[in-house]
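# Geometric and topological summary
One-letter residues, chain by chain:
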Amino acid sequence: IAQEDDPTICFAPGMVRDAFVYMVRNYYEGAYPDWHLGPSMRKYAGNARIRDGMDFNKRVVSRMQELGWQAEPEVTITKILRKRFERNFGDVDVLAWDLRSKRILIIECKDLQFKKTYGEIGEQLSDFRGEGTDGKRDLLRKHLDRVELLRHHRAELQNYLGLTGIATVESHFVFSSPVPMQFVNGPIRNAAQLHTYDDLGRLSLFQQPS
């Protein structure tokens, strides 16, 4: 650390620019921990994530339809099964199906930022452990609960989609960019098929689930 009264300071303008853009983008997208700021910014972050998440869901639906699937965005469990439950299971981000192969895809879509630091990667991984903390289910656990419920009520699900015979119900995640969860062993790798948006073309209509 320079001790002079008027020290010479060197910095790289490109790094300052990148840091500023990164900070502003994070605030706009609400991509910061909920504990980081006060109630107003936590509320804004929730709204921003809903806004961006719904846009990404629609992109995934459009892409799936281009690939030959039938698909719907943001379908509530109560709409699919035509009944209410004591717990709020939320909605399926993208419900996709094919009448010929009788495949039903329960897709959880996540428009997540590409993480670079160890801390950011660890924080992202902690959201997909398939567990709960302080009575709250993490992102993976919520998805798996929906998949389990729909598999249990397979007949009602198939009736909603107009599918006859024996259909398969598959668990999928679609991310907007590569994420750490694709490269580690753990519950998410065992309980769901993981994709990025750009790789959806590999999801063949006639590919049988493993």
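A word on the overall build of the chain. If you tally the helices and strands in the chain, you get seven helices and seven strands. For the chain, the sequential pattern of α-helices and β-strands runs α-α-β-α-β-β-α-β-β-α-α-β-α-β. When the 210 residues of the chain are sorted by exposure, 38% land in the buried category. Long-range contacts, defined as pairs at least 24 residues apart, comprise 55% of the intrachain contacts of the chain with a sequence gap of at least 6.

With that settled, the discussion passes to the sheet that holds strand S7 (residues 193–196). Strands sit in the order S1-S2-S3-S6-S7 across an open sheet of five strands; the sheet is mixed. Every other strand in the sheet has two partners, leaving strand S1 (70–76) and S7 as the edge strands with one partner each. Strand after strand, the sheet turns through a mean of 30° between neighbouring axes, direction not considered. Pairing geometry for strand S6 (residues 168–175) and S7, over four bridges, is parallel. When the sheet's bridge partners are listed, Phe173 is paired in S7 with Leu194. Running at roughly 160° to S6, helix H5 (residues 139–152) makes contact with strand S2 (91–98), strand S3 (103–110) and S6 of the sheet. This element, helix H6 (residues 154–161), spans S1, S2, S3 and S6 of the sheet and lies at about 70° to S2.

This part is about a nonpolar patch on the surface. Together, Phe20, Val21, Met23, Val24 and Tyr27 give the surface a local cluster of nonpolar side chains, amounting to about 440 Å² of exposed area. Looking at where Tyr27 falls in the secondary structure, it is placed in helix H1 (residues 13–29). For Tyr27, a relative accessible area of 33% translates into the label partly exposed.

Between its terminal C-alpha atoms H1 stretches 24 Å, which fits the 24 Å expected from 17 residues at 1.5 Å a residue. Following H1 by one or two positions, Gly30 adopts a phi angle in the positive range, close to 70°.

Here the focus is the pairing of S6. Counting buried positions over the eight residues of S6 gives seven, a clear majority of the element. Relative to S6, S3 is paired through eight bridges, and the arrangement is parallel. Directly across from Ile106, in S6, lies its bridge partner Ser171.

For H6, every residue scored as buried is listed here: Leu157, Gln158, Tyr160 and Leu161. The buried residues of H6 occupy one face: seen down the axis, they fall within an arc of 155°. Of the exposed residues in H6, the ones pointing more than 90 degrees away from its buried face are Ala155 and Asn159. Looking at the buried positions of H6, the neighbouring elements they touch are S1, helix H3 (77–81), S2, S3, H5 and S6.

This part is about the nonpolar core. The nonpolar side chains of a soluble globular protein tend to be buried, and buried together. Counting 19 residues, the largest nonpolar core has Ile80, Leu95, Ile104, Ile106, Leu150, Leu157 and Leu161 as the members making the most contacts within it. Counting only elements with at least two residues in this core, the list comes to H3, S2, S3, H5 and H6. Residue contacts for Ile80: discarding those within four places in its chain leaves Val75, Val92, Leu95, Leu150, Glu156, Leu157 and Tyr160. Within the second largest apolar cluster, 15 residues are counted, among which are Val60, Ala96, Ile107 and Leu203.

Take the pattern of salt bridges next. Taken as a whole, this structure holds nine salt bridges when the rule is applied. Residue Asp145 is joined to Arg87 by a salt bridge in which the shortest nitrogen-to-oxygen separation is 2.9 Å. Taken together, the positions of Asp145 in helix H5 and Arg87 in the loop between H3 and S2 put the pair 58 residues apart, joining distant regions of the chain. By relative accessible area, Asp145 is classed as buried at 11%. Here Arg87 falls in the partly exposed class, since its relative accessible area comes to 41%. A salt bridge links Asp145 to Arg141, with the nearest nitrogen and oxygen atoms 3.1 Å apart. Pair noted here: Asp145 and Arg141 are both in helix H5, with a separation of four residues, about one helical turn.

Conventions we followed
- Residues numbered from 1 in each chain as written.
- Predicted model: local features only at pLDDT ≥ 70, side-chain atom pairs only at ≥ 80, totals over all residues.
- Heavy atoms only, no water.
- Helix = DSSP H or I, 4+ residues; strand = E, 2+ residues; numbered from the N terminus.
- Buried < 20%, exposed > 50% of the residue type's maximum accessible area, 1.4 Å probe, protein only.
- Contact = heavy atoms within 4.5 Å.
- Pairing = 2+ DSSP bridges.
- Axes fitted to C-alpha atoms, helices over the stretch in contact; angles between N-to-C directions.
- Patch = residues over 30% accessible without salt bridge, like charges linked within 9 Å, V, L, I, M, F, W, Y side chains within 5 Å.
- Areas by Shrake-Rupley, 256 points an atom, 1.4 Å probe, with all protein chains shown as cover.
- Salt bridge = Lys/Arg side-chain N within 4 Å of Asp/Glu carboxyl O.
- Expected span 1.5 Å × (residues − 1).
- Arc of directions from axis to C-beta.
- Core = buried A, V, L, I, M, F, W, Y, C linked by side-chain atoms within 4.5 Å.

Interpretation note: all reported values are geometric properties and have no functional meaning in isolation.
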